[in-house]
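Given next are the chains, with one letter for each unit.
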Amino acid sequence: MQEELVAINDVVKNIAEFIQDDQIIKPDFEEYIKTVNGSINLQAACFNYIFERKLEEKSIIELYIEKNKKLPALQKKIAEALLKSVSSVFEVKKVLKNGFELYNIVNEKIYNTTSLVKMTLFRGIGGGQFVIARIFEYKKIHYLLEISGVLSASRKDDALRYAVAKIIENPEIVYLDNPEKLKEIEKDIKKINKKFIEFFGSDEVITTNKYADDIIGMFNDYAEDGVKTDFNDKIKLPEEFKFFNVSEFNNSYENFLENSLGGFSSHKEEYDVGIIFDEETGMYAVPFYGTFNQIFEVKDYTKILNYDKCINYFLTNDKFSANIIKRVANKHDNFMKIVNKVLETNYTLDEILEKYKSRYLENKIVSSTTVLYHSKAFSNTLGIIEEEENKPKIEVDHKIGRNDPCPCGSGKKYKKCCGAAVNV
């Protein structure tokens, strides 16, 4: 064990030196340090950069392995294991002699972790507290790479909110290393997919942001209660298909829930939203999906405002899966011709998916919308839990009917969402 601890620490140290020495990576890392601007210490900045940053659509560790072709077999295996590290929100269950027993509130599993550093450095961290930590598995042992944040037991709500934000960013972490949860989600996708097509007569519909929340709510009612309402008056296209920046999408971990309370309809400007059900990965609500399709449908795509930015938005935005891109490409024979012309490239569809959507090709990533309904952290955050004392009250300035859409923007009826926390 001691030998492996030394070997792991050596690899982490070598990668840290690599980002500060490599001619290509060093300038980017130095620029990254400037943007951090002292908000975190150098060690934390190094970890964030190593595990979160991508260059040329590749992670820093992938680049480290590529550029060190003569790595000893042991070091290469450790580096490859580090590629699969997970950053999450954990509740400290026990303090162990050489680590912690941690409950991952995202994937709902308990891990006995071994610390890479002396436990005296974690003095003050005890049972009941919450930590933002990164762990990885090597030879069936889970190692604690870092703890980047600590929350007291009284700040459970903040821990849950942060967990939900992590899920939005990387929905696969809900079922990562939890095959039972994945089976549960896959079973639900098959069932809901049939209901979606029964309700809409298609696996996708396009409307404006003004009506998207209503349509999602109507479908949720049908999926849960079998109540089918007429949605046709909610299918409205924007006066003009165009792409632009929507400020409400630029949410931080601290404010994303508040900014989402009103759903799409609370956004100031009008834009189109595609509501899509993919038979493999679940339901999506995709801003500018109609505009993206229009680029390949109209006679002169250059007349669509910011057409080039729209294409880049769909390719580079990590929240849009490979299946979304393939869906549009399969509908339009001219897809790659126009994409290549805009990007000034000569890619095939497979090459462009490999370049921009490799994460989705390597892993099964279910949509965040679908995953959230299977997350206890999300349920707890919205108040859908059994313990009454943990159910937050929603402050509203008007009376909400039990059958009205919930103001949290989930698309569910108020009585089945946050209304479960209020005595009415």
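Refer to the structure presented above.
Below is a summary of the structure that appears in this document. (Residues numbered from 1 in each chain as written. Predicted model: local features only at pLDDT ≥ 70, side-chain atom pairs only at ≥ 80, totals over all residues. Heavy atoms only, no water.)

Looking now at the environment of Ile 295. Summarising the element assignment, Ile 295 is placed in the loop between α10 (289-294) and α11 (307-316). Classification of Ile 295 by relative accessible area gives buried; the value is 0%. Note: C-alpha distance between Ile 295 and Val 339 (44 residues apart in sequence) is 9.7 Å. The residues contacting Ile 295, other than those within four sequence positions of it, are Tyr 301, Ile 304, Tyr 307, Cys 310, Ile 311 and Ile 338. (Helix = DSSP H or I, 4+ residues; strand = E, 2+ residues; numbered from the N terminus. Buried < 20%, exposed > 50% of the residue type's maximum accessible area, 1.4 Å probe, protein only. Contact = heavy atoms within 4.5 Å.)

Within the sequence span of helix α4 (residues 60-67), burial applies to Ile 60, Ile 61, Leu 63, Tyr 64 and Ile 65. For α4, the secondary structure elements touched by its buried residues are α1 (2-21), α2 (25-36), α3 (42-52), β1 (54-55), β2 (58-59) and α5 (73-82).

Let us now look at the pattern of salt bridges. Following the criterion strictly, the structure yields 17 salt bridges and no others. Between Arg 327 and Asp 203 there is a salt bridge, and its shortest N-O distance comes to 3.2 Å. Of this pair, Arg 327 sits in helix α12 (residues 322-331) while Asp 203 sits in the loop between α7 (179-200) and β8 (204-208); the two residues are 124 residues apart in sequence, bridging distant segments of the chain. Here Asp 203 falls in the partly exposed class, since its relative accessible area comes to 29%. With its nearest N and O atoms 2.8 Å apart, the salt bridge here joins Arg 359 to Asp 318. Note that Arg 359 is positioned in helix α15 (residues 358-362) and Asp 318 in the loop between α11 and α12, a separation of 41 residues in sequence. (Salt bridge = Lys/Arg side-chain N within 4 Å of Asp/Glu carboxyl O.)

With that settled, the discussion passes to the packing of α1 against α4. Viewed as axis vectors pointing N to C, α1 and α4 meet at an angle of 90°, and their least axial separation amounts to 11 Å. Classified by the angle between their axes, α1 and α4 sit roughly perpendicular to one another. Across from Asn 14, Ile 15, Phe 18 and Ile 19 in α1, the residues of α4 making contact are Ile 60, Ile 61, Leu 63, Tyr 64 and Lys 67. Here the contact of α1 with α4 is built from residues that sort into seven nonpolar, one polar and one charged. (Axes fitted to C-alpha atoms, helices over the stretch in contact; angles between N-to-C directions. Parallel < 35°, antiparallel > 145°, perpendicular 65-115°, else oblique. Nonpolar A, V, L, I, M, F, W, Y, C, P; charged D, E, K, R; others polar.)

With that out of the way, let us pick up the nonpolar core. Ranked by internal contacts, the top residues of the largest apolar core, which has 76 residues, are Phe 292, Ile 295, Phe 314, Phe 335 and Ile 352. In terms of residue count, helix α8 (residues 209-225) provides more of this core than any other element does, seven residues in total. Non-local contacts of Phe 314, meaning those with residues more than four positions away in its chain, are made with Val 286, Pro 287, Phe 288, Tyr 289, Phe 292, Phe 320, Ile 324, Ile 325 and Lys 357. (Core = buried A, V, L, I, M, F, W, Y, C linked by side-chain atoms within 4.5 Å.)

Strand order in the open sheet formed by three strands is β8-β9-β10, with antiparallel pairing between adjacent strands. Lying at the two open borders of the sheet, with one neighbouring strand each, are β8 and β10 (282-287). Here the average twist between neighbouring strands, direction ignored, is 20°. Packing of α12 onto the sheet brings it into contact with β8, β9 (272-278) and β10, and relative to β9 it is tilted by some 100°. (Pairing = 2+ DSSP bridges.)

Glancing now at a negative patch on the surface. A contiguous patch of negative charge on the surface is contributed by Asp 350, Glu 351, Glu 354 and Glu 362. Among the elements that make up the negative patch, the one with the highest residue count is helix α14 (residues 349-356) (three residues). Following the sequence through the fold, Glu 351 ends up in helix α14. Using a relative accessible area of 41% as the deciding quantity, one classes Glu 351 as partly exposed. (Patch = residues over 30% accessible without salt bridge, like charges linked within 9 Å, V, L, I, M, F, W, Y side chains within 5 Å. Areas by Shrake-Rupley, 256 points an atom, 1.4 Å probe, with all protein chains shown as cover. Lys, Arg positive; Asp, Glu negative; His and termini not counted. Charge placed at Lys NZ, Arg CZ, Asp CG, Glu CD.)

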